[in-house]
Amino acid sequence: MTAKRPARGWLDRDEQRTWLAYIRLQLRLSYEINRQLQADHDLSLPDYDVLTALSVAPASCLTVTALAAQIGWERSRLSHHAKRMAQRGLVSLDPALNDRRVTEVSLAPAGRHALEAAAPGHVDLIHDLFFDGLPADLRAPFSAALEHIYDNVLARGTLPRP
């Protein structure tokens, strides 16, 4: 049996360099951010992602489905994670007033406090690890490239649009 080839061929040298650079960066940044949040505030990066999304939502509340789409998770993953966060008092889970079959996730006062306490150290880390390594003249083209890639993922991906 012959190994199957990708329909558009293997990544060329430049594509492979770009992809591996992105993967290395994404994995290492996730590790460092998660480590800092855990050590300093007993929050995980997924906790921080949920809290941040809720903090900017209208009334600091979203349905499980909308929150999952907003942060790019499957609904079941978000549901399980939100239950654990609710047990810690960071969020509350309640049936929606207009449809009792729908669960809404709301930012609890303890969650807002945890986010506000963690944000300064998180932003300092982002400056140190990310922006200090990105020359100012590359910020705009880098941002534009990431926005184009994100739009493509939304258009061709399988999760609902946020």
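Definitions and cut-offs
Residues numbered from 1 in each chain as written. Predicted model: local features only at pLDDT ≥ 70, side-chain atom pairs only at ≥ 80, totals over all residues. Heavy atoms only, no water. Helix = DSSP H or I, 4+ residues; strand = E, 2+ residues; numbered from the N terminus. Buried < 20%, exposed > 50% of the residue type's maximum accessible area, 1.4 Å probe, protein only. Areas by Shrake-Rupley, 256 points an atom, 1.4 Å probe, with all protein chains shown as cover. Lys, Arg positive; Asp, Glu negative; His and termini not counted. Charge placed at Lys NZ, Arg CZ, Asp CG, Glu CD. Salt bridge = Lys/Arg side-chain N within 4 Å of Asp/Glu carboxyl O. Pairing = 2+ DSSP bridges. Axes fitted to C-alpha atoms, helices over the stretch in contact; angles between N-to-C directions. Contact = heavy atoms within 4.5 Å.

Q: Hey, could you run me through the overall build of the protein chain in this one?
A: Per the secondary structure count, the protein chain includes six helices and three strands. In the protein chain, the order of α-helices and β-strands from amino to carboxyl end is α-α-β-α-α-β-β-α-α. Seen through its C-alpha atoms, the protein chain measures out along the principal axes to roughly 50 × 40 × 30 Å. For the protein chain, the residues scored as buried account for 26% of the 162 residues in total. Total accessible area on the protein chain stands at roughly 11,500 Å², and carbon and sulfur atoms take up 56% of it. Mean positive and mean negative side-chain charge positions of the protein chain (19 and 19 charges, respectively) differ by 9 Å.

Q: I keep staring at the pattern of salt bridges and nothing clicks. Help me out?
A: Side chains that differ in sign of charge can pair as their charged atoms come close. Per the stated rule, a full pass over the model turns up three salt bridges. The salt bridge involving Asp47 is made with Arg88; its shortest N-O contact spans 2.9 Å. Note that Asp47 is positioned in helix α2 (residues 45-55) and Arg88 in the loop between α4 (75-87) and β2 (91-95), a separation of 41 residues in sequence. Residue Asp47 is classed as buried on the basis of its relative accessible area, which comes to 2%. Assessed through its relative accessible area of 41%, Arg88 is described here as partly exposed. Between Arg101 and Asp99 there is a salt bridge, and its shortest N-O distance comes to 3.0 Å. Given the relative accessible area of 23%, Asp99 is considered partly exposed.

Q: Where do I start with the sheet that holds strand β1 (residues 61-63) in this structure?
A: With respect to topology, three strands assemble into an open sheet ordered β1-β3-β2, the strand pairing being antiparallel. Either end of the sheet is taken by a strand with one partner, and the two such strands are β1 and β2. Taking each pair of neighbouring strands and ignoring which way they run, the sheet shows an average axis angle of 25°. By the bridge criterion, three bridges tie β1 to strand β3 (residues 103-107) in an arrangement that is antiparallel. Bridge assignment links Leu62 to a residue of β3, and that residue is Val105. α2 rests against β1, β2 and β3 of the sheet, and its axis sits at about 90° to β3.

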